[in-house]
Each structure stands twice: as structure tokens, then as C-alpha cells.
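Structural features, examined
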Amino acid sequence: MASDNTKDKSKSPWNDPYADPYISIENITKKFGDFTAVDNVSLKIYKNELFCLLGGSGCGKSTLLRMLAGFENPTSGRILLDGQDMAGIYPYDRPVNMMFQSYALFPHMTIEKNVAFGLHQDGMHKGEIRKRVADMLELVKLEDFAKRKPHQLSGGQRQRVALARSLIKQPKLLLLDEPLGALDKKLRENTQFELMNLQEELGITFVVVTHDQEEAMTLSSRIGIMDSGKIVQVGTPNEIYEYPGTRYVADFIGSINLFDGNVVEDEADHVRIQSEDTDATLYIDHGVAVTEGSRVGVAVRPEKMKLTRNRPDQADNVAEGIIDEVAYMGNLSVYRVRLKSGKIVKATLPNLDRDTEQFDWDEQVYVSWKPKSGLVLLS
Amino acid sequence: MRAGYLPLGKRLTSVLEPFANSVVGRFVVSIFGALGITGRTGVISIPFFWLGIFFLIPFAFVLKISLSESILAIPPYSDLIEWGEEGLISLHLNFGNFLFLLEDDLYWFSYVNSAKIALISTFFCLLIGYPMAYGIARASPANRNILLMLIILPFWTSFLLRVYAWIGLLKNNGLFNNILMGLGIIDEPIVMMQTDFAVYLGIIYSYLPFMILPLYANLEKLDGTLLEAASDLGCKPIKAFFVVTLPLSIPGIVAGSMLVFIPAVGEFVIPALLGGPDTLMIGRVLWDEFFNNRDWPLASAVAIAMLLFLVVPIMFFQYFQNKQSEAS
Amino acid sequence: MFNKRFNFILTMMAFGYAFLYIPIVSLIVFSFNKSKLVTVWGGFSTKWYGELFRNEQIIEAALLSLRIAVVSACFAVAFGMLAGFVLARMKRFRGRMLFSGMTTAPLVMPEVITGLSLLLFFIALQDLVGWPGGRGITTITIAHITFSMAYVAVVVQSRLSDMDPSLEEAAMDLGARPVTVFFAVTLPIVAPALVSGWLLAFTLSIDDLVIASFVSGPGSSTLPMVIFSKVKLGVSPDVNALATIIIAIVATGVVLAMVAMKKQESRHKRDIQIAAVAN
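Residues numbered from 1 in each chain as written. Chains lettered and ligands numbered in written order. Predicted model: local features only at pLDDT ≥ 70, side-chain atom pairs only at ≥ 80, totals over all residues.

**Some details on the packing of helix α2 (residues 111-121) of chain A against helix α4 (residues 155-167) of chain A**
All names here are of chain A. Rules: Between N-to-C directions, angles cover 0 to 180 degrees, with each direction set by a line fitted to C-alpha atoms, over the stretch in contact for helices. Helix numbering and strand numbering both begin at the N terminus, where a helix is a DSSP run of H or I of at least 4 residues and a strand a DSSP run of E of at least 2. Working definition: roughly parallel below 35 degrees, roughly antiparallel above 145 degrees, roughly perpendicular at 65 to 115 degrees, and oblique for all remaining angles. Working rule for handedness: look at the near helix, and if it is turned counterclockwise from the far one by less than a right angle, call the crossing left-handed; if clockwise, right-handed. The contact criterion used is a C-beta to C-beta distance within 7 Å, with each C-beta placed from the backbone.
Two numbers describe how α2 lies on α4: the axes approach to 7 Å, and their chain directions differ by 30°. One finds that α2 runs roughly parallel with respect to α4. α4 is crossed by α2, and the crossing has right-handed handedness. Within the contact between the two elements, α2 uses Ile111, Asn114, Val115, Phe117 and Gly118 and α4 uses Val161, Ala164 and Arg165.

Given below as C-alpha cells:
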């Protein structure tokens, strides 16, 4: 996929064919009996990245994470970390630490002991451990809770303990399994930014597993979307959102209006599609190399849709319908519009001013969008 | 519910009145009264009354009779309280039984020996039971059920008969000696029956399931991600066992040890069948005082002393059970 | 390294199970021994079984024990269920400490103490109210109810603690009164615990020697009392035969229960598969 909108191409190692990947996952497959949890996955992750593995439950993202940590051995393929093959290296010998979804804090140890655990295993000098633990607790703002036990802390505090414990050994790679899953919405948003700041500050490479697309969009440098054990698409949040490669990705990230139709005109700089859902043809300003007449989908994000009472002055990308449902969300309004064909499309309009015009139930409207707003999906 | 309970309560109170002088009795009566306030009392009061009357109050009688004198009569003890003429009450307390326990080495030795035997047996139960419980907890679910069933199964068969089985194995012409002699390892049978060794064996054998089951229940609940976290932070499996699994299984160890230790102290059947005449255990001494010597007051004093001896571990067990049930 | 640890565990388990089962197996094997010397093999014979069934004292004691066990198990389940319910569901009432103490203490209380205290209590009660009218089947049954209800209470309590309390709240929310909630929701869910509790109480009762010896009167010897007086004099092959019969009954019951459980499990699994396919 073309990435002409990536802000600074030269700074992104994934666009540099000569850059060395920090973690190199090569043709990894993991089978549990007959079930293939991870299916021939290859992935390159670069130093200082915050890489998100995103997917629904059972897509194989957690299994992939556990193979990076060393809890599962791949059925085939290999994992290289900083050039070193990880095969046969036990979890306790890997320069990789993990923050568990359940946090897995040792209930019989104080916060201090929990955080110090990893350093104790390395046989570090007691004084040094105390100093490092104190620094780390200060970093996660828990210095007052050092002597408490995990069950005496709130969910957000426990999350920070788990983070501190996994960071203290300064691993080459930090794995985070649904790091914010157990927190409520408000706390989650704050913690997201804290996590990003920490990552920048410490310069540790993060791999995060999550099912929450919003979390993935906010946190990551790049996202890898997984489905049924395979990586379906890898890209920056912007690429994934604006240029989803498949219907699955388009549908999984954000919401989407999808029109099915046949290609009637396919040139280098545009494509025209006839859809049963709209009277007007669909015109997109990029070419797709397919034979005319082939069946494709056209995806348009709801916020790229315009609503007007009068027919807009354009021949393509317009459809007539009536307002079926209105949801006022405060910052924006969501409209469901029933087109003449019966298809329902969704349009979101920002409420820029207090008196931004609102549409009413059963009002007749026109839905329209620009040629560069649509995206042709071949699969 | 409440209406049905009150007359019952009254009737019981009248039965209880004669013993209301004793602290335990007054305590129970006051609790019955206090309980009449809420509506769910019906549910609480039935088991409460039953256990109060048939478990708690009987101890008051043991205490009472331990303070009386042994006489040749039916029942063979003197009355503590005599109702004199014109309502005069005279109280005859006799601490002689307790003094006798202190004076005679036999009793003191029996208590110490019982504690020693129970303690060592508990230790061996833990030593054998812990790896077994660990193994069962780590087995696949299908195997786990079978392994667990095999632990419980002996418990369903007669305890007495299982102890009896050891006689056949340990006798001079028993199975073990026959095998050892048949193999030419020994020429003379080793005397195993009627020794302390046989008593240890019998107690460990009989109480092993009581150690394994609470340990299993604890180890099975252990969160596997804690071990993964330990491993992730650089801790090798054997060390992870000692710093994570073992400390977290302490409640199971305590519960199992108490379930073995406390009844083992007062064990009667095993020393009676497998032990020799010099295997002194306090349960057996109590039995002999009661059935052979018919000295009920002394037997009661032995029981009270045993109870005092066991109060600390019983309270400890209680405390742990409560803490566990609150945590879950 | 993983393997070494695993081997240690396997060895310990093999040893432990052997330790638990060697005496039982030897009991069974020697019950078919022709020789009266229990441990010297004199050829296969079932004559001790015949002798056992001709022993009227044992048969009579066994019937008495059965009667006591059935009655006391039923009462123990009823009272123990209430006690377990109180422990699991009523967290705050005056005397809760005493209550939970009285339900857990019988689990560990040495039998000699329980037996002695009950006997002294029964004698005093006889003096005061003229009941229970001599010692025998009634007093043994009461004693057995008392200590086995504690076991039932623990079983029921743990089952109830596993149960989601919002089930009961949901029933109440839908208009069921507490009594209905108990019979319509709680009871069916604790039913398996009640079955195992009943079996446990039955076993404890039929197995008890010490407490029964204290509280029984002349002419009411239970099976363990008869066996005890017999084996005190040494091994006797008809006791082996009796043990074998008991073990056979128990083992058959356990195997049947496991088969039933397996069947139910596989049916459950099949139902899930059908449901999954249907979706």
C-alpha cells in the first residue's frame, strides 16, 4: 500500500530497506494438536518501536506473545532478538520481560519485593537493588506504597506495579498482554499516555497485545492486525485506518460503509464503479489494476460522508435517502441514513458549533463524498 | 419461623438451667437469647442448638466430673453440688485428679509421647503428601480425577480394617518378614508389630489423605501465571518452587498438618492395635482409665488436660479456616 | 531440568499410592486363603466368606450399624446443610465465631474426647429429664449425627462458596421469597454436595469405633466394636473376608459414579458441539 501520507519517511526504519530489524519473527507456526494458533507469521519489529498486535479473541496474538517470552515453543520457524536466535532459551534466560494481563503480582510479597524480584534473581548487590527499586517506584509514582501487599492497592496502582516489575531489569524487549484491559475508561486514557512517555524515556522496545483498537491506535508506532493465526496487515495507525487492505481490516478498525459494485471504468488515475446501492456511479481517484466488470467493494468512512438537504452539485458519489436514526454524541452526531435501495449507511458529523445544523428523523437528505474519500477493496 | 423457635428455645433453656452456673452454659444461653432478634434465626438456630447441646455442653460435664471424686457407684463419681436442708448448697470441688496427672509420670509422659508421635507422623505425611498433591494438581484433568479418587477411596473403606491390614503385613510371620526372609535378606524376623514404628506407620498411613486433600485444593488453585512471571523475571523452576509455590501453599500445609496432628494426638485405635504395651499415647490412657479402671473422674481430667493441650492448635486451625473462607 | 523434577514427583506418587494400596490388596488376597494363618498362602478358598455369613454376631452388628448409619446420615445431611448454608451465606450474626467453631472443631476433635463427653452428658441428662432412657441405638445415632453433620457442613459450605450468589439474588429479584429461593435455586445446586455429604456421613457412622464404644449400652454392639474385639486377639481370616466385601461394595459404587460422571460429561460435551454447529 502506498504510504505517501506518512509524516516523516526517513525516520521510519520500516521504510528503510537497509535497516536491521531488532526482532525478527520468521515463518513462525504454532500448533496445539490439530489447532493452528499461529500460522506462518513473519514480522520485523525495530528498536524503540511500540508495536501492537491487534485482533479478536483466539486470533493467535497472545500465543505469538508467549512465544516471544519463551513460554511456548514454536512448532516451526524461528525468532531472532537483536540477532540472537531465541530457540531453546528458557524464559528465565531471555532478555525479555512481560507484563501479564492479570498482572501476576506475587500476593505474598510487598510491592517492593515484587519489583525487586527480577533483580534478586540476577544476584545483584542488595544496596544496588534497593536504590533501583526506589527509583523505579518513584518513576511509577508508587514510592509511598512500597511496604504494601498487592491486594491493598487499586487496579491502576497494581497495573503500575506490574509495569515497574517488568521494566526494572531493563529488558531488550517488553511484552505487554492487554496492559490496560482491567482499567476503567478514564484511567485507561491517562495510563496510555503514561505508558507512551515511559517508553520514550526508557528507550525499550514494546510489543503490546490488545483487542482494543482505540488503544492500539493511540499507543503504537505500528499495528499488526491478526486474524485466525495470520497477520493480515501491518502498518502505522494512519495507514491501517486510511488504507485498510481488506474488508476484515476495514471493518475491524473503526466503522465503515461498504458498497458492492462492478468496475465499469479502470484508468491509471481513477476508477468508476456501478453499485446497486446508489443511482450515481462511485468514482475514486486511484486506479486498481483489475479487469472491467470485476466485483469489488468500495469503503467510505462515516466521517468522510457529507449530509445535505439539497442535492449536491456532483454527478458521482451521491445517494438519496431518509434519516432513519439519529444519535447525538456531544462532540459529533451519528446519523443512520436509509438509501432508496434500502441500504443503511452511517454518517458522522462533527458539532463544530453549538448551533451546528442537526437533521431530524425521516428527513430527506443526500449523502455525498469526495473522490479521494473512497477506497476500493479487492478482498 | 420465629414463633416456632421460641418455645423450643424456652424448653431448652429450662433444661439448661441447672448448668447455667457454668460459664459455657451461660454463654450459650445468652447467645440463644441474642439470636431471637432476627428473622433468619430459624435457619441458624437448628444447627446451632444441636451442636450447642450435643457438642459444646457435654464438655461442661467433662469438666464437672473431672472435679468430682471417683466412688464405687453407678455412675461412679460424686456429686459436686449437694442440696442441703433449707436450700443450703455445698460445693465439693476436687482437684485431686489434676494433681494426680501432674504427680504421676505416666500421664506426663503419655502427653509428651503423643505429641511427639503426632508431630513426627505429621512431618512424614507432609513429606509424602506434598509431592503427591503437587503431582495430582499438575496432572491432566482426566488423570487428576482418577488420582484424586484413588486418594479418597481408602477413606470410604473401613478405617479399622485398614489398620488391621497392617497387622498381617508387620507380624513376625507376616508378609514383610516372609518376603525379606524368602529373599534371604534377613534370617530372623524383624519385630515390627507392637512397636512405635508400627504406630508411626499406621498413623502416617491412615492420615495421609487428610494431608493430601487440603494441599491439593490449595495447589490446584495456584495461579500458573505467577510461575510464568517468576520465570520471566529470571527465576529457575526449582527456585520458583521455593519462592512462589511453597509460600503460597502455606495455608494448605497448615490445614493439612492440623487435620493430621490434632486427631493423631488423641488417636486410640492405632496404638491399641499396632502399638506395644509401652507405646503410651494419651488417647489410649484415657480409654484404659475409663473402660478398664472405671475411673471416670480421672478419665475426664485426662480429657480436659488433652483439650487444653490441643486448644492452641485447634484455635490456630480455626483461625486459618476462617481466613481462608473470607479470602475466597 | 523440567524432567528431573517431574521424575521425582512421579517416583513419590508411585511410592505414595503403593503405600496406600498394599495393605488393602493384601487384605483382599488373604481373604481367599485356605490357611488360617492369614499370611501364609495355603491355596485358594472361599470358606471364610461362608464362615462370615454364619457368624450371627457379626451379621447382627452389621445390621445395627447399617440402621444407625442410614438414620444418622439423613439427619446429618439435614442439619449439616443448614449449618453449611449459615456458614457460607450469613457472614454477620452474633455468635458466628462460636458457630463456626462448633462446626469445624468436630472435624479435628480426638474421638476419645467427643465420646467421653457425650457419654457423661447422656448420663446427666438421664438423671435430669429421664431421657434418653438408657444407652444404645438412640445415643449412638445422636453422637453420629453430631460429628458427621460437621463434615456435611464443610462440604455444603464449599459448594455454596463456589456458587454465584447472584443466582439467588436473581431469583429474589424475580419475586421468589427466601424459602422458595432456597428450594428452587440453592437446593438443586448443592444437591451433589448433599449426596456426597450423605455418603460421607454414612461412612463415618459405619466406621466409628471409639465414639460408639463410649455411648453404646449393653446389647448394642456395632460392627466396628465387634471387629475390634475380634482383631485385638489377632488376625482372623473372616475379618479379611468382611473387609473384602466392604471394599468391593465401595469400589463398585465409585466406579459406577465415575462412569455416570463420564457419561454426563460426554453428553454435556456433545450438547456443546451440537449447539456450536447449530450456530
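There's more to say after this.
**Re the interface of chain C and chain B**
Rules: Ten residues, namely Ala, Val, Leu, Ile, Met, Phe, Trp, Tyr, Cys and Pro, are considered nonpolar, four, namely Asp, Glu, Lys and Arg, are considered charged, and the remaining ones, Gly among them, are considered polar.
The interface is formed by 73 residues belonging to chain C together with 81 residues belonging to chain B. Looking at which element gives the most residues to the side of chain C that touches chain B, the answer is helix α1 (residues 2-31) of chain C, with 16 residues. Across the side of chain C that touches chain B, the residue classes tally to 57 nonpolar, twelve polar and four charged.

**So, the sheet that holds strand β13 (residues 282-284) of chain A**
Strand pairing in a sheet is mediated by backbone hydrogen bonds. Such pairs are either parallel or antiparallel. All names here are of chain A. For the record, the criterion: Strand pairing follows a simple DSSP-based rule, namely that at least 2 bridges must link the two strands.
Taking strand neighbours across the sheet as the criterion, the five strands line up as β13-β12-β11-β14-β20 in an open arrangement whose pairing is antiparallel. The sheet is open, and its two edges are formed by β13 and β20 (375-377), each paired on a single side. Averaged over all adjacent pairs, the angle separating strand axes in this sheet is 45°, with direction ignored. In terms of strand pairing, strand β14 (residues 295-300) meets β20 through three bridges, oriented antiparallel. Paired with Val298 across the strands is Val376, a residue of β20.

**Section: the confidence of the model for chain C**
Residue and element names in this part refer to chain C. Note the cut-off: Summary of the metric used: pLDDT quantifies the predictor's per-residue confidence within the range 0 to 100.
With 95% of its residues at a pLDDT of 70 or more, chain C shows a mean pLDDT of 84. Here helix α7 (residues 165-173) is the element of chain C with the lowest mean pLDDT, 78, and helix α9 (residues 210-215) is the one with the highest, 92. If you check the scores for this complex, the pTM reads 0.80 and the ipTM reads 0.84.

**A short note on the nonpolar core**
Which entries qualify depends on this criterion: Joined through C-beta atoms within 7 Å, a set of buried Ala, Val, Leu, Ile, Met, Phe, Trp, Tyr and Cys residues constitutes a nonpolar core. As a rule, residues whose C-beta atom has 12 or fewer other C-beta atoms within 10 Å are exposed, those with 20 or more are buried, and those in between are partly exposed; C-beta atoms are placed from the backbone. An automatic or database domain assignment supplies the residue ranges for each domain.
One finds Leu286 and Val302 of chain B together with Leu116, Val152 and Ala201 of chain C to be the most contacted residues of the largest nonpolar core, which totals 157 residues. Top element by residues in this core is helix α3 (residues 56-89) of chain C. It accounts for 16 residues. The two domains that each donate at least three residues to this core are domain 1 (2-97) and domain 2 (103-327) of chain B. Ignoring anything within four residues of it in the chain, the contact list for Leu286 of chain B reads Ala299, Val302 and Ala303 of chain B together with Val112 and Leu116 of chain C. Core analysis: the next-biggest nonpolar cluster, separate from the first, contains 98 residues, Tyr103, Ile129, Met136 and Ala319 of chain A among them.

**Considerations on the interface of chain B and chain A**
At the interface, 14 residues of chain B touch 16 residues of chain A. Looking at the side of chain B that touches chain A, the elements that each hand over two or more residues are α10 (224-232) and α11 (237-248) of chain B. Sorting elements by how many residues they give to the side of chain B that touches chain A places α10 of chain B first, with six residues. Residues belonging to the side of chain B that touches chain A are distributed by class as follows: seven nonpolar, three polar and four charged.

**Some details on the environment of Thr356 of chain A**
Here Thr356 of chain A is to be found in the loop between β18 (344-350) and β19 (364-368). Between the alpha carbons of Thr356 of chain A and Leu332 of chain A there is a distance of 9.9 Å; along the sequence they are 24 residues apart.

**Observations regarding the pairing of strand β7 (residues 173-177) of chain A**
Residues and elements named next belong to chain A. Heads up, the rule is: Call a crossover right-handed when, viewed with both strands pointing away from you, the route from the first strand across the helix to the second goes clockwise.
The element β7 is largely enclosed, with a buried count of five among its five residues. Of the two faces of β7, the one holding Leu173, Leu175 and Asp177 and the one holding Leu174 and Leu176 are both buried throughout. Bridge count for strand β6 (residues 96-99) against β7 is four bridges, and the pairing is parallel. Residue pairing for β7: Met99 is matched across the bridge by Leu176. Note: β7 against strand β8 (residues 205-210), five bridges, orientation parallel. Along β8, the bridge assignment pairs Leu173 with Thr205. At this point the chain moves from β7, through helix α5 (residues 185-202), to the parallel β8, and the crossover so formed is right-handed.

**Topic: the domain arrangement of chain B**
When the parts of a complex come together, some accessible area is lost, and that lost area is often used as the size of the interface. Residue and element names in this part refer to chain B. Annotation of chain B at the domain level lists domain 1 (2-97) and domain 2 (103-327). Contact with domain 1, which involves eleven residues of that partner, is made by nine residues of domain 2. No other element matches helix α3 (residues 41-66), which puts four residues into the side of domain 1 that touches domain 2. Residues of the side of domain 1 that touches domain 2, tallied by class, amount to six nonpolar, four polar and one charged.

**Let's talk about the packing of α3 of chain C against helix α10 (residues 223-231) of chain C**
Residues and elements named next belong to chain C. Here α3 crosses α10 at 145°, and the two axes come no closer than 7 Å. Side by side, α3 and α10 meet where Gln57, Ile58, Ala61, Ala62 and Ser65 of the first sit next to Leu223, Met225 and Val226 of the second. For the contact of α3 with α10, the per-class residue count stands at six nonpolar, two polar and no charged.

**Observations regarding unusual backbone geometry**
Even without glycine at this site, Asn48 of chain A takes up a positive phi of about 70°. Tracing the sequence through the fold places Asn48 of chain A in the loop between β2 (35-45) and β3 (50-54). In this model, Arg294 of chain B sits at a positive phi of 50°, which is unusual for a non-glycine residue. By secondary structure assignment, the location of Arg294 of chain B is in the loop between α14 (282-292) and α15 (296-327).

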